[in-house]
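Spelled out from the first residue to the last, the chains are:
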Amino acid sequence: MKSLHYSMSTFVFVVMIFSLSWATSADTHEDFLHCLSSIHSKELSSFSKVIYTQRNSSYSSVLEASIHNFRFSTPTTPRPLVIITPLNASHVQATIHCSRKHGLQIRTRSGGHDFEGLSYVSEVPFVIVDLVNFRSMDVDVEKRVAWVQSGAIVGELYYRIAEKSRTLAFPGALCHTVGVGGLISGGGYGLLFRKYGLAADNIIDAQFIDANGRILDRKSMGEDLFWAIRGGGGGSFGIVLAWKIKLVLVPETVTIFSVSRTLEQNATKLLHRWQYVAPNFPDDIYSSVAVSTMNSTQDGNRTVVATFISLFLGGVNELIPLMQERFPELGLVKEDCTETSWVESILLLGQVPNETLEILLDRSFRSPFLSPFFKSKSDYVKKPMPELAFQGIWSQILQEEAGSPSLNFISYGGKMAEISETATPFPHRIGNLYKINYNVGWQEEDNMNSQIYINWIRKLYSYMNSFVSKSPREAYVNYRDLDIGMNGDGDTSYKWGRKYFKKNFDRLVYVKRKIDPENFFKHEQSIPPRFS
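Predicted model only: the values in this text are computed from it and were never measured. (Residues numbered from 1 in each chain as written. Predicted model: local features only at pLDDT ≥ 70, side-chain atom pairs only at ≥ 80, totals over all residues. Heavy atoms only, no water.)

Caption draft 1: Main features of the nonpolar core. With 131 residues, the main nonpolar core has Ile229, Phe237, Trp243, Val291, Trp342 and Phe409 as its most contacted residues. Beyond its immediate stretch of four places on either side in the chain, Ile229 contacts Ile184, Ser185, Ala206, Phe208, Met221, Phe237, Val240 and Trp243. Core analysis: the second largest hydrophobic core is formed by 15 residues, Phe32, Leu36, Phe47 and Val82 among them. (Core = buried A, V, L, I, M, F, W, Y, C linked by side-chain atoms within 4.5 Å. Buried < 20%, exposed > 50% of the residue type's maximum accessible area, 1.4 Å probe, protein only. Contact = heavy atoms within 4.5 Å.)

Here's what the structure looks like:
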């Protein structure tokens, strides 16, 4: 963790603070800043450099740097009174103390990928704790462990591991700009999850600050809280500063492929067949299907294209006969495949070709998977869908009001079927064939039609009701979706809590009541301290 050395006086710090303040919410705002100055009277100069208010010239760039869904970066989007980019734990403790004292909410941001903007937007006066400076990591290849701070993006973690070993990895996200803190807090899946489970399944310890400012590790926080922070969703219990993670073995050579088929090339039958075979693949195979639309090469009309994507932990000469045996309908041949290293597979499957590994360090990189403005939803499928269901999906995504739609089908099975659904708060384990992620995206110039696109994805989601999990209709918390329910909006917390966590929601509420009974850490879908 980082240490600071300061020399300036309290008077100078207060002058600097007031030069940053603005008229709106003046009393609360200035009282909050006074509070910070009083706590850090001996460390004022450097602390003042990590405080941003709306009159600060860097405020907007700091706020916008980690926003990945521009739906929540408009002139009408509520903005924080203050942004704190802490350099050490004492900065976080001070922010928590002063926010509680002066009635401000805290939103905590690591990578900024919250699909509903909950890590940096609130409808009440709030402060952002942006962990952009909490990016340190210590990789121990001999013990196969690492400490990584929550503000690091997974690309930084992958890069630092690869610097020391090309046969060690961490089962994190494919999109390399996802923040480590948010990823693990919601479970976190990626290319290795069928082999090693989720990111949250590979956590050994954590450094955590609660609503009282206490710094806790696994031993001092207890197993209930340690269980809750590994998949119970971010922003509910406190702020995790760092995680101790397990590193997992990968071979020197892995094989990837990406094979596309249109409707005219039998995509419907292939996807229908895929849902029977993919969950039963060996756990060395990650398998997904990305569905989108394109102009047909035959008649120029719009058509559906399904892209079958896989990573295999081994060489191509092992993969081809396996696929010919398990999924001959795809017609995979050696020329479709690429042998590479694990870390380079992140670039290739992440659609970042022709780049060096240094791109993994680029926090500003915009993922090609998502449009600048988007709305997402998720589902879990427990029984294979009939071909007729897929045909119904195609008719929906070919509609004009669909904009730029995409669906991702991610196969489960493997290690995910072996881990108990109560091992962590993430319950979507055995019995799931695959997960579906629905996306609709649009560009800034088309933002006046945003409600048309949002209505479209809601209609598609309604259509899918007959084919997906029921009682509850399950959803993935890291694909945040406020449509399924919100705190304080006439909904019971059970409505959305059961969908994300199933029966684990009960234990999460119990833990919340123990660690944060006054519900200081809260947002629209935070865990409540009691059932509603």
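Caption draft 2: Spatial organisation of the sheet that holds strand β9 (residues 215–216). The sheet built from 5 strands is open, its strands ordered β5-β6-β10-β8-β9 with antiparallel pairing. Only two strands of the sheet have a single partner each, and these edge strands are β5 (137–140) and β9. Pairing analysis gives 6 bridges linking strand β8 (residues 203–209) to strand β10 (residues 239–246), with the strands arranged antiparallel. By the bridge assignment for β10, Phe208 is matched with Val240. (Pairing = 2+ DSSP bridges. Helix = DSSP H or I, 4+ residues; strand = E, 2+ residues; numbered from the N terminus.)

Caption draft 3: Spotlight on the pairing of strand β3 (residues 105–109). Counting buried positions over the 5 residues of β3 gives 4, a clear majority of the element. Of the strand pairs in this sheet, β3 and strand β4 (residues 126–130) are connected by 5 bridges, and their pairing is parallel. Within the sheet, the bridge partner assigned to Gln105 lies in β4 and is Phe126.

Caption draft 4: Summary view of the environment of Gly331. Within the secondary structure layout, Gly331 lies in the loop between α12 (316–326) and β15 (337–340). Its relative accessible area of 39% is what places Gly331 among the partly exposed residues. Each C-alpha atom, one on Gly331 and one on Ile83, is 53 Å from the other, the two residues being 248 residues apart in sequence.

Caption draft 5: Broad picture of helix α16 (residues 493–501). In terms of burial, α16 is a largely internal element, 7 of the 9 residues being buried. Regarding α16, the residues found buried are Ser493, Trp496, Gly497, Arg498, Lys499, Tyr500 and Phe501. Residues of α16 that are buried in the fold lie against α17 (504–515). Taken from the residues just after α16, Lys502 is the one with a positive phi, measuring 50 degrees.

Keep in mind that these numbers describe shape and distance, not what the molecule does.
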